[in-house]
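Descriptive analysis of the structure
The lines below spell out each chain.
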There are 2 protein chains.
Amino acid sequence: MQEQLWGFDMFLMDIAYNGEHYHGWQVQPNLPTVQGTLCAALEKLLLQPVMISGCSRTDAGVHARQFICRLETEKPIGIPMDRFLKAANHLLPNDIVIKSIDICPEGFHPRFDVKYKEYCYEIRDGMVFDPFLRGLIWQLPYRLDADLMQTAAECLVGKHDFSAFCAADACEDRVRTIYSLSVKRVDDRVIVSVAGDGFLYNMVRIIVGTLVDVSTGRFSKNDVSEMLDSADRTRSGRTAPPDGLYLNRVVY
Amino acid sequence: MQEQLWGFDMFLMDIAYNGEHYHGWQVQPNLPTVQGTLCAALEKLLLQPVMISGCSRTDAGVHARQFICRLETEKPIGIPMDRFLKAANHLLPNDIVIKSIDICPEGFHPRFDVKYKEYCYEIRDGMVFDPFLRGLIWQLPYRLDADLMQTAAECLVGKHDFSAFCAADACEDRVRTIYSLSVKRVDDRVIVSVAGDGFLYNMVRIIVGTLVDVSTGRFSKNDVSEMLDSADRTRSGRTAPPDGLYLNRVVY
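Residues numbered from 1 in each chain as written. Chains lettered and ligands numbered in written order. Predicted model: local features only at pLDDT ≥ 70, side-chain atom pairs only at ≥ 80, totals over all residues. Heavy atoms only, no water.

Side note on the overall build of chain A
Put simply, the rule is: Every helix listed is a DSSP run of H or I at least four residues long, and every strand listed is a run of E at least two residues long, numbered separately from the N terminus. Our radius of gyration looks at C-alpha atoms and nothing else; its globule reference is 2.2 Å times the residue count to the power 0.38. For the exposure calls, accessible area comes from a 1.4 Å probe over protein chains only, and a residue counts as buried if that area is under 20% of its type's maximum, exposed if over 50%, partly exposed in between. Residue contacts follow a heavy-atom distance rule, with two residues in contact if any of their heavy atoms lie within 4.5 Å. Accessible surface is estimated by sampling points in the Shrake-Rupley manner with a 1.4 Å probe; for residues, cover comes only from the protein chains shown.
From N to C terminus, chain A includes 5 helices and 10 strands. Over its C-alpha atoms chain A spans a radius of gyration of 20 Å, differing by no more than 12% from the 18 Å that the globule rule assigns to 252 residues. With respect to the three principal axes, the spread of C-alpha positions in chain A is 60 × 40 × 35 Å. Counting over 252 residues, chain A shows a buried share of 54%. Partitioning the contacts of chain A with sequence separation of at least 6, the portion at a separation of at least 24 is 70%. Carbon and sulfur atoms provide 51% of the accessible area of chain A, an area that totals close to 11200 Å².

What follows is the structure in structure tokens.
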């Protein structure tokens, strides 16, 4: 185990990050991104160019509790795993952490080989905002009805064209399968968990925004099923802010 | 209750804030501060100049779970309490929250009338950093000995000259009384709680840094008592970062 990484040049890393201060995962010129920050830290550590491919593209402000990415180096690296983790995490800012690293199986791609992904959206509906959850949760100053939101969400489970629940500039093929969608209350939080084979641009955030609109009475639960059938984004609800969104799990 | 604020011009507010993005409590030119942000929001709400005096001066990056401040307005205000809270919190960024407001008793000063204050310093010593606690806790990559820290801390309780435990530019009179100081482990956290009649500049952070230095073996517990007697800042330990420090309670 100790010497596991020695002499290889392709690795899988399981990382977690607080996306509040990043313009999303993917490298963008002159903007702080998770991929860019990770690359810079690992190039400083390994003293060679590296390439990192992620399992997903998260938007600005979105978080990840599990995010799998592949690290490719030009030359084999010669650092034992525990020392790699310690040194790399020391070089990273404390809102990005590498939880583990292992050798990458041949031919494995962290994005194309995903079976399903699980996102979690967290809302806090206490009357007084919690300042220590800034950037980490969507805080609403009115009480939500989690049971009603759950009922309204049920029609979204299954294989559907999710055109009504994605941003205008999402990709062409808008058919996705949602395996499960649950809305649960835990004290003053409402947690929306959704697992699916893939998610369109802003899809989880528009679903959550629409369910909140159901709770406030703007839409009925039947409206949600009609929105889905209409494939018309103008009929669905608002886009929830990125703060509450977590990529929770990636399954291969 | 509903109309409680009507016609008065001097109020006490209990607020909480996440200090990560602020240069401390006190107004400074061209820098975001909690006092400045609060002033701006309330002047926007009340459409008149306001003056705000706080119970303490917290440094850049330090947090408050309870912070009492006095609000003075030029003209009496005419908003019921619940509407004031809702509107003011709506105008504030979500890392500052007003928890309550009431009429200020005559002659009361939030700073000079303090009986004692309680600070809490939170350290996390899990091996893998938690990216969602960025700015909210001091994360150390090695295990601390909370019992040893507690033993070393005991000599600090009581009335002492704390010159060895304050920044060089602290005020002249450096005698303070610490009523209690406890170091407790809760899972992967070590919580240092300290109550006293007043605290010098950086005092809690230097105490905590020194106790961590005792845990790592840099100092013995006897060294701490010698430091205190020496009244010499160069003999005590490092200054813990602001991230883990919370003003927890103010008692009048």
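A few points about helix H4 (residues 203-215) of chain B
All names here are of chain B. Put simply, the test is: Expected helix span is taken as 1.5 Å per residue step, with the number of steps being one fewer than the number of residues.
Its 13 residues place the ends of H4 19 Å apart at the C-alpha level, agreeing with the 18 Å of an ideal helix rising 1.5 Å per residue. The buried fraction of H4 amounts to 13 of the 13 residues, a majority that puts the element mostly inside the structure. Two residues or fewer after H4 comes Gly 217, characterised by a positive phi angle close to 95°.

Quick word on the layout of surface pockets
Heads up, the condition is: A cavity, in this analysis, means grid points on a 1 Å lattice covering only the protein atoms where a 1.4 Å probe fits yet has no way out; a pocket is instead an open set bounded by protein on both sides within 12 Å along at least five of seven lines, and a residue lines either one if it has an atom within 4 Å of a point. Grid points are joined across faces, edges and corners, and a volume is the space filled by probe spheres set on the points. For this scheme, ten residues count as nonpolar: Ala, Val, Leu, Ile, Met, Phe, Trp, Tyr, Cys and Pro. Four count as charged, namely Asp, Glu, Lys and Arg, and the remainder, Gly too, count as polar.
Put simply, the largest pocket is a space of about 780 Å³. Lining the largest pocket are 30 residues; nearest its centre among them are B:Ser56, B:Arg57, B:Arg111, B:Lys117 and B:Phe199. Looking at the lining of the largest pocket, the element that brings in the most residues is H4(B), giving 3 residues. Here the lining of the largest pocket is built from residues that sort into 15 nonpolar, 8 polar and 7 charged. Approximately 670 Å³ is the volume attributed to the second largest pocket. Forming the boundary of the second largest pocket are 25 residues, of which A:Ser56, A:Arg57, A:Lys117, A:Phe199 and A:Leu200 lie nearest the centre. Elements that contribute at least two residues to the lining of the second largest pocket include exactly strand S5 (116-124) and helix H4 (203-215) of chain A.

Here's the deal with the pattern of salt bridges
Stated precisely, the cut-off is as follows: For this document, the term salt bridge refers to a Lys or Arg side-chain nitrogen within 4 Å of an Asp or Glu carboxyl oxygen.
As enumerated under the stated definition, the model contains 28 salt bridges over all chains in all. For the salt bridge of A:Arg205 with A:Asp59, the shortest nitrogen-to-oxygen distance reads 3.5 Å. In this pair, A:Arg205 sits in helix H4 while A:Asp59 sits in the loop between strand S2 (50-54) and strand S3 (63-73), placing the two residues 146 residues apart along the sequence. Across the pair B:Arg185 and B:Asp125 runs a salt bridge whose closest N-O atoms are separated by 2.7 Å. Residue B:Arg185 is located in strand S8 (residues 175-186), and its partner B:Asp125 is located in the loop between strand S5 (116-124) and strand S6 (138-139); the two are separated by 60 residues in the primary sequence.

Structural notes on the interface of chain A and chain B
Counted only if it meets this: Summed over both partners, buried area is the accessible surface (1.4 Å probe) that two parts give up on being assembled. Polar contacts here mean pairs of N or O atoms no more than 3.5 Å apart (in protein, one a potential hydrogen donor and the other a potential acceptor; neighbouring residues in sequence count only if both atoms are side-chain atoms).
Between chain A and chain B, the residue contacts involve 21 residues of the former and 21 residues of the latter. When chain A packs against chain B, close to 1800 Å² is buried across both sides, 68% of that on carbon and sulfur atoms. Of all residues in chain A, A:Asn94, A:Phe132 and A:Arg134 bury the most surface against chain B, accounting for 38% of the area lost on that side. The shortest N-O distance in the salt bridge between A:Arg134 and B:Asp95 comes to 2.6 Å. The tally of links between chain A and chain B comes to 6 residue pairs in polar contact (both at pLDDT 80 or more). Looking at the side of chain A that touches chain B, the elements with two or more residues in it are strand S1 (10-17), S3 and strand S4 (96-103) of chain A. Considering only residue class, the side of chain A that touches chain B consists of 11 nonpolar, 4 polar and 6 charged.

Focus: the packing of aromatic side chains
Residues and elements named next belong to chain A. Formally: In this scheme Phe, Tyr and Trp rings, the latter by its six-membered ring, pair at centre separations within 6.5 Å, and the angle between planes marks the pair as stacked below 30 degrees, edge-to-face above 60, and tilted otherwise.
A full pass over the atoms with the stated rule returns 16 aromatic pairs over all chains. Arranged with centres 6.5 Å apart and planes meeting at 25°, the rings of Tyr 17 and Trp 25 form a pair that is stacked. Look at Tyr 17 and you get buried, because its relative accessible area is 0%. Accessibility expressed as a relative area gives 2% for Trp 25, which makes it buried.

Remarks on empty space enclosed by the protein
All told, the structure shown has 2 cavities of 30 Å³ or more when counted by the stated rule. Counted as a void, the largest cavity has a volume near 60 Å³. Surrounding the largest cavity, A:Asn18, A:Glu20, A:Arg134, A:Leu136, B:Asn18, B:Glu20, B:Phe132, B:Arg134 and B:Leu136 form its lining. Partitioning the lining of the largest cavity into residue classes produces 3 nonpolar, 2 polar and 4 charged. Its boundaries defined by the atoms lining it, the second largest cavity holds a volume of some 50 Å³. Partitioned by chemical class, the residues of the lining of the second largest cavity number 5 nonpolar, 2 polar and no charged.

Quick notes on the relation of the copies chain A and chain B
The test is simple: Only residues with pLDDT of at least 70 in both copies contribute their C-alpha atoms to the least-squares superposition of the copies.
Once chain A is rotated about the relating axis by 180° and shifted along it by 0.0 Å, it coincides with chain B to within an RMSD of 0.0 Å. Both copies are brought into coincidence by an operation consistent with a two-fold rotation axis. Closest approach to the rotation axis within chain A is made by the C-alpha atom of A:Leu133, at a distance of 4.8 Å. Here 100% of the interface residues in chain A have copies in chain B that are interface residues too; the copies meet face to matching face.

Re helix H2 (residues 81-91) of chain A
All names here are of chain A. Selection criterion: By construction, the arc corresponds to the directions joining the helix axis to the C-beta atoms.
Those residues of H2 that sit buried are Met 81, Phe 84, Leu 85 and Ala 88. With its buried residues spanning 95° around the axis, H2 presents them on a single face. Of the exposed residues in H2, those oriented more than 90 degrees away from the buried face are Arg 83, Lys 86 and His 90. Considering only its buried residues, H2 is in contact with S1, helix H1 (34-46), S3 and S4.

Describing the environment of A:Pro105
Residues and elements named next belong to chain A. Mapping Pro 105 onto the fold places it in the loop between S4 and S5. The class of Pro 105 is partly exposed, set by a relative accessible area of 45%. Spatially, the C-alpha atom of Pro 105 lies 8.1 Å from that of Phe 11, the residues being 94 residues apart in sequence.

Quick look at the pairing of S5(B)
Residue and element names in this part refer to chain B. Definition in use: Strand pairing is assigned whenever DSSP identifies at least 2 bridges connecting the two strands.
By the criterion of burial, S5 is predominantly enclosed, with 7 of the 9 residues buried. Where S5 and strand S9 (residues 189-196) come together, 8 bridges link them in antiparallel fashion. Within the sheet, the bridge partner assigned to Tyr 119 lies in S9 and is Val 194. Bridge count for S5 against S6 is 2 bridges, and the pairing is parallel.

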